[in-house]
Amino acid sequence: MQIHRHLHRLSEPYKEVFMLRVLGELKFQEIAGLFDKSESWAKVTFYRAKDKLIELMEAENEH
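A few points on the structure. (Residues numbered from 1 in each chain as written. Predicted model: local features only at pLDDT ≥ 70, side-chain atom pairs only at ≥ 80, totals over all residues. Heavy atoms only, no water.)

**Some points on the packing of aromatic side chains**
Defined as follows: In summary, the pairing rule links any two rings of Phe, Tyr or Trp, Trp by its six-membered ring, whose centres are within 6.5 Å, and it sorts them by plane angle into stacked for under 30 degrees, edge-to-face for over 60 and tilted for everything else. Counting from the N terminus, the helices are DSSP H or I runs at least four residues long and the strands are E runs at least two residues long. Throughout, exposure labels follow a simple rule: accessible area from a 1.4 Å probe, protein chains only, divided by the maximum for the residue type, with under 20% read as buried, over 50% as exposed, and the rest as partly exposed. Think of it as a cone above the ring: NZ of Lys or CZ of Arg counts as a charge over the ring if it is within 6 Å of the ring centre and within 35 degrees of the ring normal.
Tallying each qualifying case throughout the model produces 5 aromatic pairs. Consider the rings of Phe-18 and Phe-46, whose centres lie 5.4 Å apart with planes at 10°: the pair is stacked. Of the two residues, Phe-18 is situated in helix α2 (residues 14-22) and Phe-46 in helix α4 (residues 39-62); the sequence distance between them amounts to 28 residues. Comparing Phe-18 with Phe-46 shows no difference in burial state: the two are buried. Between Phe-28 and Phe-46, the ring centres sit 5.7 Å apart and the planes meet at 65°, which makes this aromatic pair edge-to-face. With Phe-28 in helix α3 (residues 28-35) and Phe-46 in helix α4, this pair connects stretches of sequence that are 18 residues apart. What makes Phe-28 buried here is its relative accessible area of 9%. Through a chain of ring-to-ring contacts, three or more aromatic side chains come together here, namely Phe-18, Phe-28, Phe-46 and Tyr-47. Here Arg-21 stacks its cationic end above the ring of Phe-28, 4.0 Å away from the centre of that ring.

**Looking at a nonpolar patch on the surface**
For the record, the criterion: Patch definition: residues with relative accessible area over 30% and no salt bridge; like charges joined within 9 Å; nonpolar side chains (Val, Leu, Ile, Met, Phe, Trp, Tyr) joined within 5 Å. Only the protein chains shown count as cover for residues, with accessible areas throughout obtained via the Shrake-Rupley method and a probe of 1.4 Å. Should a side-chain nitrogen of Lys or Arg be within 4 Å of a carboxyl oxygen of Asp or Glu, the pair is scored as a salt bridge.
On the surface, Met-19, Val-22 and Leu-23 cluster together to form a nonpolar patch covering roughly 260 Å² of accessible area. On the secondary structure map, Leu-23 appears in the loop between α2 and α3. When its relative accessible area of 62% is taken as the criterion, Leu-23 is described as exposed.

Now the structure itself:
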């Protein structure tokens, strides 16, 4: 539930790429095709989204 709450706080395209990868189980190549971007872009965007989620969760745990 905590991840879901923080996921909605992410900006686009981070939120959508993360959801497509984790919930939709799409491959990076498939995600890249949806956005008309490269596979590298999809990977970088996903890992940045994951890092942002971790930061949000750590910040919440500090309070």
